[in-house]
Amino acid sequence: MGQLDSGNTAWILTCACLVFLMTPGVALFYGGMVRAKAVLNMLIMEAAALSVTMIIWGLWGWSIAYAGNSIGGIFGDPATGFLLRDTMVAQDGVFTSAANNSNNYPVSVDVAFQAAFAMITVALICGAIAERVKYSTWMIFVALWITFDYAPMAHMVWNGGLLSADGPISQALGAQAHDFAGGTVVHINAAVAALIIVLIIGKRKGFGTEPMRPHNVPFVMLGAFLLWFGWFGFNAGSAFAANGTAGYAWVSTSLAAAAAMLAWGFTEKIRTGHYTAMGAASGIVAGLVAITPAADVVSPIWAIVLGAIAGVVTCLACSLKFKLGYDDSLDVVGVHGVGGLVGTVLLGFFMEGTGLFYSGKWNQLGVQVIIALIAIAFSAVITTIIAFALEKTIGWRVTQAQEVAGIDLADQGERAYDFAGTASSVIREMK
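It should be emphasised that the depicted structure is a prediction, and the values quoted were computed from it without experimental measurement. (Residues numbered from 1 in each chain as written. Predicted model: local features only at pLDDT ≥ 70, side-chain atom pairs only at ≥ 80, totals over all residues. Heavy atoms only, no water.)

### Observations concerning the packing of helix H7 (residues 217-236) against helix H8 (residues 244-272)
Inference 1: Two elements in contact, H7 and H8, have axes whose closest approach is 9 Å; the angle formed by their N-to-C orientations is 135°. On the basis of the axis angle, H7 is oblique to H8. As for how H7 packs across H8, the hand of that crossing is right-handed. Residues Trp228, Trp231, Phe232, Asn235 and Ala236 of H7 form the contact with H8, whose participating residues are Ala246, Ala249, Trp250, Thr253, Ser254, Ala257 and Ala258.
Inference 2: Residues of the contact of H7 with H8, tallied by class, amount to 9 nonpolar, 3 polar and no charged. (Axes fitted to C-alpha atoms, helices over the stretch in contact; angles between N-to-C directions. Helix = DSSP H or I, 4+ residues; strand = E, 2+ residues; numbered from the N terminus. Parallel < 35°, antiparallel > 145°, perpendicular 65-115°, else oblique. Left-handed = near helix turned anticlockwise from the far one by under 90°. Contact = heavy atoms within 4.5 Å. Nonpolar A, V, L, I, M, F, W, Y, C, P; charged D, E, K, R; others polar.)

### A few points about the UniProt feature "domain: Ammonium transporter AmtB-like" (unreviewed entry) in the protein
Inference 1: Feature annotation in UniProt assigns "domain: Ammonium transporter AmtB-like" (unreviewed entry) to the following positions: residues 10-417.
Inference 2: This span, residues 10-417, is 67% helix and 3% strand, and a straight line between its end C-alpha atoms measures 40 Å. (UniProt positions renumbered as here; feature names shortened; annotations may be inferred.)

### Looking at the nonpolar core
Inference 1: Ranked by size, the top nonpolar core spans 127 residues in total, and within it Tyr30, Trp57, Ile125, Ile129 and Trp138 carry the most contacts.
Inference 2: With sequence-adjacent residues up to four places away left out, isoleucine 129 is seen in contact with Met45, Trp138, Ile197, Val198, Ile201, Ser329 and Trp396. (Core = buried A, V, L, I, M, F, W, Y, C linked by side-chain atoms within 4.5 Å. Buried < 20%, exposed > 50% of the residue type's maximum accessible area, 1.4 Å probe, protein only.)

### Here we look at the pattern of salt bridges
Inference 1: This structure, assessed with the given rule, holds 6 salt bridges.
Inference 2: Two residues, arginine 204 and aspartate 327, come together in a salt bridge whose shortest N-O distance is 2.9 Å. Within this pair, whereas arginine 204 is found in the loop between helix H6 (183-201) and H7, its partner aspartate 327 is found in the loop between helix H11 (320-324) and helix H12 (332-350), the two being separated by 123 residues in sequence.
Inference 3: Exposure remark for arginine 204: the relative accessible area of 7% places this residue in the buried category.
Inference 4: Two residues, aspartate 331 and lysine 321, come together in a salt bridge whose shortest N-O distance is 3.1 Å. Of this pair, aspartate 331 sits in the loop between H11 and H12 while lysine 321 is found in helix H11, placing the two residues 10 residues apart along the sequence. Neither residue differs from the other here; aspartate 331 and lysine 321 are each classed as buried. (Salt bridge = Lys/Arg side-chain N within 4 Å of Asp/Glu carboxyl O.)

### Considerations on helix H3 (residues 107-125)
Inference 1: A rise of 1.5 Å per residue sets the reference length of H3, with its 19 residues, at 27 Å; its end C-alpha atoms lie 28 Å apart and thus fit the reference within 8%.
Inference 2: With 17 of its 19 residues buried, H3 lies for the most part within the structure. (Expected span 1.5 Å × (residues − 1).)

### A short note on a nonpolar patch on the surface
Inference 1: A cluster of nonpolar side chains, contributed by Ile309, Val312, Val313 and Leu316, occupies part of the molecular surface with about 260 Å² of accessible area.
Inference 2: Structurally, valine 313 is set in helix H10 (residues 300-317).
Inference 3: Classification of valine 313 by relative accessible area gives partly exposed; the value is 33%. (Patch = residues over 30% accessible without salt bridge, like charges linked within 9 Å, V, L, I, M, F, W, Y side chains within 5 Å. Areas by Shrake-Rupley, 256 points an atom, 1.4 Å probe, with all protein chains shown as cover.)

### A word on H7
Inference 1: Relative to the 28 Å expected for 20 residues at 1.5 Å per residue, H7 spans 28 Å between its end C-alpha atoms, a close match to the ideal helical length.
Inference 2: Burial in H7 covers these residues: Val220, Met221, Gly223, Ala224, Leu227, Gly230, Trp231, Phe232, Gly233, Phe234, Asn235 and Ala236.
Inference 3: Structurally, H7 contributes buried residues whose contacts are with helix H1 (6-33), H3, H6, H8 and helix H9 (277-291).
Inference 4: Its side-chain oxygen at 3.1 Å from the backbone nitrogen of phenylalanine 219, asparagine 216 defines the N-terminal cap of H7. (Polar contact = N/O pair within 3.5 Å; in protein donor to acceptor, adjacent residues only side chain to side chain.)

### Some remarks on unusual backbone geometry
Inference 1: The phi dihedral of leucine 83 is positive, around 55°, even though this residue is not glycine.
Inference 2: Looking at the element boundaries, leucine 83 is found in the loop between strand S2 (75-76) and strand S3 (88-91).
Inference 3: A relative accessible area of 54% means that leucine 83 is categorised as exposed.
Inference 4: Located in the positive-phi region is aspartate 92, a residue other than glycine, with phi close to 55°.
Inference 5: With respect to the helices, strands and loops of the structure, aspartate 92 is situated in the loop between S3 and strand S4 (94-97).

### Quick word on the pairing of S4
Inference 1: Bridging between S3 and S4 involves 4 bridges; their strand directions are antiparallel. When the sheet's bridge partners are listed, alanine 90 is paired in S4 with phenylalanine 95.
Inference 2: Following S3, the chain reverses through 2 residues before pairing antiparallel with S4; aspartate 92 in that reversal takes a positive phi of roughly 55°. (Pairing = 2+ DSSP bridges.)

Right, dumping it as structure tokens:
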């Protein structure tokens, strides 16, 4: 065991907490965007993303992603690190990390940090399927998807697997694939999964014909601000040390988020005549998504350009669901899928040293396009199998009557806002 670096340990453990906070941030972001009759269901779906993922991660998720012996460069052996075996040990009756990693902080801190990444990734998916799916089906889906999709994808990209900088694709193309903090593993992966489920379960009743406005825009804004804050752990923490790269990732992350918010707002102003709060919140998230794979390798000017491009493109992409007829309730595909793809591919142009604009060579761009396409294909195949199996067995959707009345009452037996109780209490006070 190497000498413990207390600075790195404190920093990465803090980042694990920041990334954990992102899932409650998403809960507020999505919760404000749904109608009042579905907000509790959205919040509890996010709670399931936290809880089910944590159990699976402790059982075998960590082993598949990082601890197990690699099988074909696609996933790790789930038995090697089952129940965190050989990761945690007891010393004098107190559990501690079995070893320090190469950055001299405990492996147990890595387990925490990567668990939070898994949580936020699956949490993103439920925005696309809001207001119509059963909580019980969602919980089972989370367990299966983390096991068969997320953990293998993390292994492929971040643990020397097929899509990694040292993998066979990178070696064949003569450029190291780069995904700093999750353009493929998190955003493209989650967005493709969301689209597949949407296509299997179908649209909400009234989609395209009835207004489905956000019920609480301040919730949305609060969620966006919490996400920006949590993203400092997400991106800066991916330096895996308290160092200059972490500091720069904080800066590039904020530059891109700020540029995307402004670019989305200008696009919206041209199209509709307004700068909306919803647009500002969505623009912030789009910029954060786009910079995620590139936060350590693009200069400040390219971070701004990347964010601005993402703001415009994702704003335009979010309207495609009405033209193409798929009901992505809260624009997971438009923001996370398109934003993740923009960041993953454009770093092939902007990446310091090896990007097309610096080297004049196509190698980096080529490898970025290929890893993005493979990530799309892998997520689509695995999610189709899982989602279709659940549809044909226990089913995804509540009944149409339950959907119309409100999924909060149908699935949770509660209301977020007791309007009737509030009104009757006012009448009593007046008397």
